[in-house]
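A closer look at the structure
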Amino acid sequence: MSTTENDCEILDRSPVIRLRTENGLNFLLKSYKIQRNGQVSEHALLYKSPFMRTGLPVLTRINSACFTSDIFGCVRCDCNWQLREAMRMIHDKSGLLIYHFNQEGRGIGFTDKLKSISLMDISGKSSADAFRELGHCADERDYRLSAVILKDLKIDQIDLITNNIDKASQLMSYGIHVNHILPLISPEERHSQYLASKSLIPATFPPPPLPRKNCYRGR
Ligand SMILES: [Zn+2]
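Note that the coordinates shown come from a computational prediction; the quantities given were computed from them, not determined experimentally.

**Description of the overall build of the protein**
Regarding its fold elements, the protein presents seven helices and nine strands. Looking at the protein as a whole, 29% of its 219 residues are labelled buried. Nonlocal contacts in the protein, meaning residues at least 24 apart in sequence, comprise 59% of its contacts between residues at least 6 apart.

This is the structure in structure tokens:
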């Protein structure tokens, strides 16, 4: 059954299946198929039941795909570490994780992500400069569909696991109240250089709105 909210339409939802991980964690898993502006994308919802507690924020991780790290185990970034750590947290606290397959490479897609890595390796460019050379913003991810899924689950307030303040700001702008932010900082030495290149969350929240909409390419 489809559900429409403004420019977004939920076309389909899978049945819930049980998922047991190699390290013994037990989750429930379902998928969403959503159409936005004519583009259809799929998203996974991984959760530990029951995550609904009346009147309390739900511990939530919004996770964008990083195939190089999540699938192939590349240690260039800390994405796989963050995903595993967030899974452990939502398992322990009965939270949920939304995995966006369509936001690879901070939203620029897999091919352009590999082009950006090549530019960084060959010419020593920063990721922001490499993205710019390819005609992209430093981060093109959009969390509108995260909000659509949360609202479909009747969740309007969350404790958000993230190092990305823009994610929290966007969710707030889409009507999801972010009660607390829980950072995920890898203690592993191999990630230190990567983390140094990223801006981590400021000490206060909520922050002023970010001027990112001007460079958003309208996916
Ligand atoms: Zn990554």
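Here the narrative resumes.
**Some thoughts on the environment of proline 50**
Note that proline 50 resides in the loop between strand 5 (39-47) and strand 6 (58-64). Since 8 C-beta atoms lie within 10 Å of it, proline 50 is described here as exposed. Sequence-wise, proline 50 and glycine 95 are 45 residues apart; in three dimensions their C-alpha atoms are separated by 8.1 Å.

**Details of the nonpolar core**
Counting residues in each nonpolar core, the largest one holds 32 residues, and the members touching the most others are Ile90, Leu96, Leu97 and Ile98. Contributing elements (two or more residues each) for this core: strand 5, strand 6, helix 2 (79-93), strand 7 (96-100), helix 5 (144-152), strand 8 (157-161) and helix 6 (165-173). Beyond its immediate sequence surroundings of up to four residues, isoleucine 90 is in contact with Tyr47, Lys48, Leu59, Arg61, Gly95, Leu96 and Leu97.

**Side note on helix 3 (residues 110-123)**
Between its first and last C-alpha atoms helix 3 spans 20 Å; for 14 residues at 1.5 Å apiece the expected length is 20 Å, and the two agree. Glycine 124 sits one or two residues past helix 3 and shows a positive phi near 75°.

**Digging into the pairing of strand 8**
Two strands pair when backbone bridges link them, and strand 6 and strand 8 are joined in this way by three bridges, in the parallel orientation. The residue bridging leucine 59 from the neighbouring strand is aspartate 159, located in strand 8. Of the strand pairs in this sheet, strand 8 and strand 9 (residues 177-182) are connected by five bridges, and their pairing is parallel. Opposite aspartate 159, over in strand 9, you have histidine 180 as the bridge partner.

Parameters at a glance
Residues numbered from 1 in each chain as written. Predicted model: local features only at pLDDT ≥ 70, side-chain atom pairs only at ≥ 80, totals over all residues. Helix = DSSP H or I, 4+ residues; strand = E, 2+ residues; numbered from the N terminus. Buried ≥ 20, exposed ≤ 12 C-beta atoms within 10 Å, placed from the backbone. Contact = placed C-beta atoms within 7 Å. Core = buried A, V, L, I, M, F, W, Y, C linked by C-beta atoms within 7 Å. Expected span 1.5 Å × (residues − 1). Pairing = 2+ DSSP bridges.

Honestly, it's all geometry; don't read function into it.
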